Amino acid sequence: MNLKGKDFLKILDFSPEELEFLLDLAADLKKKKKNGIPHRLCEGKNVALIFEKTSTRTRCSFEVAAHDLGMGCTYLDSSGSQIGKKESIADTARVLSGMFDGIEYRGFGQERVEELAKYALVPVWNGLTDESHPTQILADFLTIFEHYGHLKGINFVYMGDARFNMGNSLMAGCAKMGMNFTVCAPKEYFPEKALRTECAAIAEKTGATLNFTESVDEALAGADVVYTDVWVSMGEPEEVWAERIRALSPYQVNGELMKKAKPTAIFMHCLPAYHDRKTAVGKEMGEKFGREAMEVTDEVFESEQSLVFQEAENRMHTIKAVMAATLCDF
Ligand code: CP
Ligand code: NVA
């Protein structure tokens, strides 16, 4: 498998074999890290990390992974750099290509990361756009693999707004890896038709199934993984909270709902999550709408079934695999 020089922009750009290779590499690098075995595979290289939206997991993952691989890294955001205001994406891409061996980008439309990749002479990695969050999918799948020992045939249920980055990318990932993917939400929150059609064609080949239902009972019967994401994503206006709470409350992952899945089911969330009022937004919206939690209750979030922190750690191991695979020969 040779991914050297390749960008990592969205899950659909990769074959099941390539995704499997990245997951195997991540598992191997994780083992090395846990056993204190150095793995400075990219010694002497440098990467640029561009964040036009905030981040905890993704930024830390890229930074720690870069250090572990022997690389230097530079963080850039829109307030402290020329990006966006005084310099175009295309010009930024060419400037950074002269100094760095790889570029991470987190921002708004997918077209921005695609534009960056078009003009960059080095690999570009998507650290989240409105439409796509591909590195998160690798972390999620590594976590599922660690728990179940396989991906094929896993009954994966996504509860909530599936039109944004997480719903789109999880659907693409499940289709690629032969999993049974169900979206459970009001039908206005299903992923876009064109993407569903594209993923259905992939599913035909891999043996995956894609289901879209408004029924919680139907979706959760036999579920191995129950996944949710925030109801309001970064960059969306505050005014959408009211509509989201009204439409998505029946799909909140709570104790009663988890009982409808297999007793052995796991709970997953890309994080950050509004599972209590201990955040500024959680408190403000919680008080405004009279709710203790939004997409997941504290009971489920803190339960034995919840693998969210293992999943968060796996962001680092999988991002490390993406950088190593696209910067080095294997
Ligand atoms: N899951 C995720 O991407 O988290 P951050 O926004 O903290 O990077
Ligand atoms: N859908 C969320 C994912 C955060 C990791 C957002 O875009 O804010």
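Scroll up to find the structure.
Note that the structure is a prediction, hence the values are computed from the model and not measured.

### Examining the environment of Tyr251
Its place among the elements puts Tyr251 in the loop between helix H9 (240-248) and helix H10 (255-258). When its relative accessible area of 7% is taken as the criterion, Tyr251 is described as buried. Between the C-alpha atoms of Tyr251 and Lys30, which are 221 residues apart in sequence, the distance is 34 Å. Those residues in contact with Tyr251 that lie beyond four places of it in its chain are Met159, Gly160, Cys184, Ala185, Pro186, Glu214, Val216 and Leu257.

### Concerning unusual backbone geometry
Put simply, Leu271 and Pro272 share a cis peptide bond, and its omega is 0°. When you line up the elements, Pro272 lands in the loop between strand S9 (266-269) and helix H11 (280-289). Positioned with a positive phi, Leu271 is a non-glycine residue whose angle comes to about 65°. In this fold, Leu271 is placed in the loop between S9 and H11. The exposure class assigned to Leu271 is buried, which follows from its relative accessible area of 11%.

### Notes on the site of ligand 2
Close to ligand 2 lie Leu128, His133, Phe164, Asn165, Asp229, Val230, Ser233, Met234, Cys270 and Leu271, which account for all nearby residues. Taking Ser233, its side chain carries an N or O atom lying 2.7 Å from a nitrogen atom of ligand 2. Contact between ligand 2 and Met234: an oxygen atom at 2.8 Å from a main-chain N or O atom of the residue. Starting from 270 Å² of accessible surface for ligand 2 in isolation, the protein chains cover 95%. A molecule is said to occupy a pocket when more than half its atoms come within 2 Å of that pocket's grid points, and by this definition ligand 2 occupies the largest pocket. Residue composition of the shell around ligand 2, grouped by class: 6 nonpolar, 3 polar and 1 charged.

### Things to note about helix H4 (residues 110-119)
In an α-helix, one full turn covers 3.6 residues, which means residues spaced three or four apart are oriented alike. For H4, the complete set of buried residues consists of Gln110, Val113, Leu116 and Ala117. Down the axis, H4 shows its buried residues gathered within 125° of arc, on one side only. Exposed side chains of H4 directed beyond 90 degrees from the buried face belong to Glu111 and Lys118. Lining the buried residues of H4 we find strand S1 (46-51), helix H3 (89-97), strand S3 (102-106) and strand S4 (124-126).

### Some points on the environment of Ala273
Tracing the backbone through its elements, the reader meets Ala273 in the loop between S9 and H11. Spatially, the C-alpha atoms of Ala273 and Ala120 are 34 Å apart, while their sequence positions differ by 153 residues. Contacts of Ala273, omitting those with residues within four sequence positions, involve Glu295, Val296 and Phe301.

### Structural notes on the packing of aromatic side chains
Using the criterion set out here, one finds 10 aromatic pairs in the structure. Relative to Tyr227, the ring of Tyr158 lies with its centre 6.0 Å away and its plane at 25°, an arrangement referred to as stacked. In this pair, Tyr158 is assigned in strand S5 (residues 155-159) and Tyr227 in strand S8 (residues 225-228), connecting sequence segments 69 residues apart. Like Tyr227, Tyr158 is buried. Taken together through their ring pairs, the aromatic side chains of Phe156, Tyr158, Phe181 and Tyr227 make up a single cluster.

### Focus: the layout of surface pockets
Put simply, the largest pocket is a space of about 680 Å³. Every residue lining the largest pocket is counted, 31 residues in all, and those nearest its centre are Val230, Val232, Met234, Pro272 and Tyr274. Of all the secondary structure elements, the ones that give two or more residues to the lining of the largest pocket are helix H2 (57-68), helix H6 (165-176) and H11. With 3 residues, H11 is the largest single contributor of residues to the lining of the largest pocket. Tallied by class, residues from the lining of the largest pocket come to 14 nonpolar, 10 polar and 7 charged. Each pocket or cavity is described by its volume, and for the second largest pocket that value is around 300 Å³. Surrounding the second largest pocket, 14 residues form its lining, Lys10, Glu131, Ser132, Asn168 and Leu195 being those nearest its centre. Broken down by element, the residue count for the lining of the second largest pocket peaks at 3 residues, all from H6.

### Brief notes about the sheet that holds S4
Here we have 4 strands laid out as an open sheet, ordered S2-S1-S3-S4, and parallel in their pairing. Two strands bound the open sheet, and with one partner strand each, they are strand S2 (72-77) and S4. Put simply, the sheet's adjacent strands are angled 20° from each other on average, direction ignored. In the sheet, S3 pairs with S4 via 3 bridges, with the strands oriented parallel. Note on S4: the bridge partner recorded for Ile103 is Val124.

About the criteria used
- Residues numbered from 1 in each chain as written.
- Chains lettered and ligands numbered in written order.
- Predicted model: local features only at pLDDT ≥ 70, side-chain atom pairs only at ≥ 80, totals over all residues.
- Heavy atoms only, no water.
- Helix = DSSP H or I, 4+ residues; strand = E, 2+ residues; numbered from the N terminus.
- Buried < 20%, exposed > 50% of the residue type's maximum accessible area, 1.4 Å probe, protein only.
- Contact = heavy atoms within 4.5 Å.
- Near = heavy atom within 4 Å.
- Polar contact = N/O pair within 3.5 Å; in protein donor to acceptor, adjacent residues only side chain to side chain.
- Areas by Shrake-Rupley, 256 points an atom, 1.4 Å probe, with all protein chains shown as cover.
- 1 Å grid on protein atoms, 1.4 Å probe; cavity = no way out; pocket = protein on both sides within 12 Å on 5 of 7 lines; lining within 4 Å.
- Sits in = over half its atoms within 2 Å of the grid points.
- Nonpolar A, V, L, I, M, F, W, Y, C, P; charged D, E, K, R; others polar.
- Arc of directions from axis to C-beta.
- Phe/Tyr/Trp six-rings, centres within 6.5 Å; stacked < 30°, edge-to-face > 60°.
- Points joined across faces, edges and corners; volume = space filled by probe spheres on them.
- Pairing = 2+ DSSP bridges.
- Axes fitted to C-alpha atoms, helices over the stretch in contact; angles between N-to-C directions.

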